[in-house]
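The primary structure of each chain is shown beneath.
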Amino acid sequence: MEQVKQRSQLAQIIRERRAIKKGYNDKVVTKELVLDLLNDAIWAPTHGMRQPWRFIFIGKDQLPTFAKRVAATYPEERRENRENYLNEPNAILVVLMEELEVQKQWDDNYGAVASMIQNFWLLAWEKQLGVVWKTNPHNYDPEVKKILNAKDNEKIVGFLHLGYFDEEPPIKERIPAIEKFHIFEG
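These lines cover the structure that appears in this document, whether it is placed above or below. Computed from a predicted model, the values in this text were never measured in an experiment.

Quick look at the overall build of the chain
The number of helices and strands found in the chain is six helices and four strands. Element order for the chain, N to C, with α for helix and β for strand: α-α-β-α-α-β-α-β-α-β. C-alpha extents for the chain along the principal axes are approximately 65 × 45 × 35 Å. For the chain, contacts bridging at least 24 residues in sequence account for 80% of all contacts bridging at least 6. A total of about 12200 Å² of accessible surface is found on the chain, and carbon and sulfur atoms cover 51% of it. Positive and negative charge centroids in the chain, built from 27 and 28 side chains respectively, lie 1 Å apart.

Laid out in structure tokens, this is it:
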């Protein structure tokens, strides 16, 4: 008889987590919840304890103004679409990263921030809070950095769209690790 592998609760959450891009309900995402999740998420690995992240929370009440300002950085024909898009989630958490001149340190910082975002995403999923990490053209626009009062040495790593949802998207299977696993043989 074949033995079925028991997965840990953490492994189950990792496998169940989905990107929630649409279909948010009206339940409010509070800054208190986001801060609570971040206080655990920041325990991600961070080389030299640089902790290179910074966060800007845009709650539901601020989203219309924020969306309008960011949409204004786009060409006229795209503004309405971008404004509607930025108003879809219940909140947005902008994640910024300290950029350093030395490539290795830049890479270390990006890896730390990506790990922290994954931690946040998993913790949010556990609370039935949907997340999707967005890297749209406005993430790279100097005008958007000004809107956010980002420092010269900060990179916008992503806009995390946040919202509660009623229906989970379907699971998309992964290519088994064994198919991408190789052994160095000298």
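Quick notes on the sheet that holds strand β2 (residues 91-98)
Taken together, the four strands give an open sheet; going across it, the order is β1-β2-β4-β3, and neighbouring strands pair in antiparallel fashion. With partners counted over all chains shown, the strands left at the sheet margins are β1 (53-58) and β3 (129-134), one partner each. Direction aside, neighbouring strands of the sheet carry axes that sit 25° apart on average. The pairing of β2 with strand β4 (residues 154-164) spans eight bridges and is antiparallel. Each residue of the ladder has a partner; that of Leu93, found in β4, is Leu160. Packed onto the sheet, helix α3 (residues 63-71) meets β1, β2 and β4 and runs at close to 55° relative to β2.

Quick notes on a nonpolar patch on the surface
A contiguous nonpolar patch, built from Ile178, Phe181 and Ile183 and spanning about 370 Å² of accessible area, is present on the exposed surface. Mapped onto the elements, Ile183 comes out in the segment after β4.

Describing the environment of Gln9
Assignment of secondary structure puts Gln9 in helix α1 (residues 9-16). A relative accessible area of 62% means that Gln9 is categorised as exposed. With 142 residues separating them along the chain, Gln9 and Lys151 place their C-alpha atoms 39 Å apart.

A word on unusual backbone geometry
Residues other than glycine seldom take positive phi values, yet Gln51 does so here, at roughly 45°. The topology assignment puts Gln51 in the loop between α2 (31-41) and β1. Of note, the phi angle at Gln128 is positive, near 60°, even though the residue is not glycine. Turning to its location among the elements, Gln128 is positioned in the loop between α5 (103-126) and β3.

Side note on the nonpolar core
Counting residues in hydrophobic clusters, the biggest one holds 25 residues, and the most contacted among them are Leu93, Val113, Met116, Phe120, Leu129, Leu160 and Leu162. When residues of this core are assigned to their parent elements, the largest contribution, seven residues, is made by α5. Leaving out residues up to four positions away in the same chain, Phe120 has contacts with Val34, Leu37, Leu38, Ala41, Leu93, Val131, Leu160 and Leu162. Of all hydrophobic cores here, the second largest spans 17 residues; its members include Tyr85, Ile147, Ala150 and Phe159.

Here we look at the pairing of β2
Across the eight residues of β2, seven count as buried, placing the element largely inside the fold. Direction of pairing for β1 relative to β2: antiparallel, over a ladder of six bridges. By the bridge assignment, Phe57 is partnered in β2 with Leu93.

Thoughts on the pattern of salt bridges
Scanning the model with the defined rule gives six salt bridges in all. A salt bridge links Arg50 to Asp108, with the nearest nitrogen and oxygen atoms 3.6 Å apart. One end of the pair, Arg50, is in the loop between α2 and β1; the other, Asp108, is in helix α5, with 58 residues separating them in the sequence. For Glu83, the salt bridge identified is with Lys68, shortest N-O distance 3.3 Å. One end of the pair, Glu83, is in helix α4 (residues 76-86); the other, Lys68, is in helix α3, with 15 residues separating them in the sequence.

About the cut-offs
- Residues numbered from 1 in each chain as written.
- Predicted model: local features only at pLDDT ≥ 70, side-chain atom pairs only at ≥ 80, totals over all residues.
- Heavy atoms only, no water.
- Helix = DSSP H or I, 4+ residues; strand = E, 2+ residues; numbered from the N terminus.
- Contact = heavy atoms within 4.5 Å.
- Areas by Shrake-Rupley, 256 points an atom, 1.4 Å probe, with all protein chains shown as cover.
- Lys, Arg positive; Asp, Glu negative; His and termini not counted.
- Charge placed at Lys NZ, Arg CZ, Asp CG, Glu CD.
- Pairing = 2+ DSSP bridges.
- Axes fitted to C-alpha atoms, helices over the stretch in contact; angles between N-to-C directions.
- Patch = residues over 30% accessible without salt bridge, like charges linked within 9 Å, V, L, I, M, F, W, Y side chains within 5 Å.
- Salt bridge = Lys/Arg side-chain N within 4 Å of Asp/Glu carboxyl O.
- Buried < 20%, exposed > 50% of the residue type's maximum accessible area, 1.4 Å probe, protein only.
- Core = buried A, V, L, I, M, F, W, Y, C linked by side-chain atoms within 4.5 Å.

Function-wise, these values are silent; they only describe arrangement.
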